[in-house]
Amino acid sequence: MLPTPVRDLLIKHRELLKFAVVGGACFVLTNVVNYTLKLTILRGNPVTALILAVLVATIASYVLSREWSFRTRGGRERQHEAALFFVISGIAVGLNSLPLAISRYVLDLQTPHVGLLTQEIADYFSGMILGTLVAMVFRWWAFKKWVFPEAGARPRVVRARAVEPDEPGQRAA
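These numbers were taken from a predicted model, which means no experiment stands behind them. (Residues numbered from 1 in each chain as written. Predicted model: local features only at pLDDT ≥ 70, side-chain atom pairs only at ≥ 80, totals over all residues. Heavy atoms only, no water.)

A word on the overall build of the protein chain
At step 1: When you go through the protein chain residue by residue, the secondary structure sums to five helices and zero strands.
At step 2: Residues counted as buried form 32% of the 173 residues belonging to the protein chain.
At step 3: Carbon and sulfur atoms provide 68% of the accessible area of the protein chain, an area that totals close to 10,900 Å². (Helix = DSSP H or I, 4+ residues; strand = E, 2+ residues; numbered from the N terminus. Buried < 20%, exposed > 50% of the residue type's maximum accessible area, 1.4 Å probe, protein only. Areas by Shrake-Rupley, 256 points an atom, 1.4 Å probe, with all protein chains shown as cover.)

If you want it as structure tokens, here you go:
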């Protein structure tokens, strides 16, 4: 249904698109967990809430990345791959949290120095937008370089579909 040049571009970058879809789903999960924690039990600890939210999303990200985004890549034993994934994701948690920590504790964009709305906008932009972008670029590069280094290591299995003999002249496969 898409024009050929667009379809070819999407097919060429299918792995990146899948990575972005997984990232988008995990971004939503991070937001839900972050704000649930931040508005309830971790009211005075926004960086801790963000770190915990990113950790929950990271676990989901591993499963989705391995089984969908990078399903044809590999080259490592599963335990080694998982260990590398979580080490790199741990580094990414730090990268994700760094802009929020700078916003809150270096630039002092928190109450009572600024209004509550300003604080929340600064938190969202620095932690959820800027931090996520920095961590995403790092993860994309690091996952392809170290976690799933070999393209085609786990070939995609294409299942044959049986044809139903509902038209004259067709045979079931």
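Some words on the layout of surface pockets
At step 1: When its volume is computed, the largest pocket comes out at roughly 360 Å³.
At step 2: Considering the residues around the largest pocket, the lining is formed by 21 residues, among which Gly23, Cys26, Phe27, Thr132 and Arg139 are closest to the centre.
At step 3: Of all the secondary structure elements, the ones that give two or more residues to the lining of the largest pocket are α2 (14-38), α3 (46-69) and α5 (116-147).
At step 4: Split by residue class, the lining of the largest pocket holds twelve nonpolar, eight polar and one charged. (1 Å grid on protein atoms, 1.4 Å probe; cavity = no way out; pocket = protein on both sides within 12 Å on 5 of 7 lines; lining within 4 Å. Points joined across faces, edges and corners; volume = space filled by probe spheres on them. Nonpolar A, V, L, I, M, F, W, Y, C, P; charged D, E, K, R; others polar.)

Some points on the nonpolar core
At step 1: Residues Phe70, Phe85, Ile88, Phe138, Phe143, Val147 and Phe148 are the most contacted members of the largest nonpolar core, which totals 13 residues.
At step 2: Where this core is concerned, the elements lending two or more residues are α4 (78-106) and α5.
At step 3: With five residues, α5 is the largest single contributor of residues to this core.
At step 4: Discounting residues that sit within four places of it in the chain, Val147 has contacts with Arg76, Glu81, Leu84, Phe85, Ile88 and Ala142.
At step 5: Residues Leu50, Val54, Val93 and Met128 belong to the second largest nonpolar core, which totals six residues. (Core = buried A, V, L, I, M, F, W, Y, C linked by side-chain atoms within 4.5 Å. Contact = heavy atoms within 4.5 Å.)

Structural notes on unusual backbone geometry
At step 1: A cis amide bond, omega 10°, links Thr111 with the succeeding residue Pro112.
At step 2: Here Pro112 lies in the loop between α4 and α5.
At step 3: Positive phi is not limited to glycine here, since Asp108 has a value of about 60°.
At step 4: With respect to the element layout, Asp108 can be found in the loop between α4 and α5.

Considering the pattern of salt bridges
At step 1: Taken as a whole and judged by the stated rule, the model has seven salt bridges.
At step 2: Residue Glu15 pairs with Lys144 through a salt bridge whose shortest N-O separation is 3.3 Å. Of this pair, Glu15 sits in helix α2 while Lys144 sits in helix α5, placing them 129 residues apart in sequence.
At step 3: On the basis of relative accessible area, Lys144 is assigned to the partly exposed category, the value being 29%.
At step 4: Residues Arg78 and Glu67 are paired through a salt bridge, measuring 3.1 Å at the closest nitrogen-oxygen approach. Taken together, the residues span a long stretch of sequence, with Arg78 in helix α4 and Glu67 in helix α3 at a distance of eleven residues.
At step 5: Judged by relative accessible area, Arg78 falls into the partly exposed class, the value being 46%. (Salt bridge = Lys/Arg side-chain N within 4 Å of Asp/Glu carboxyl O.)

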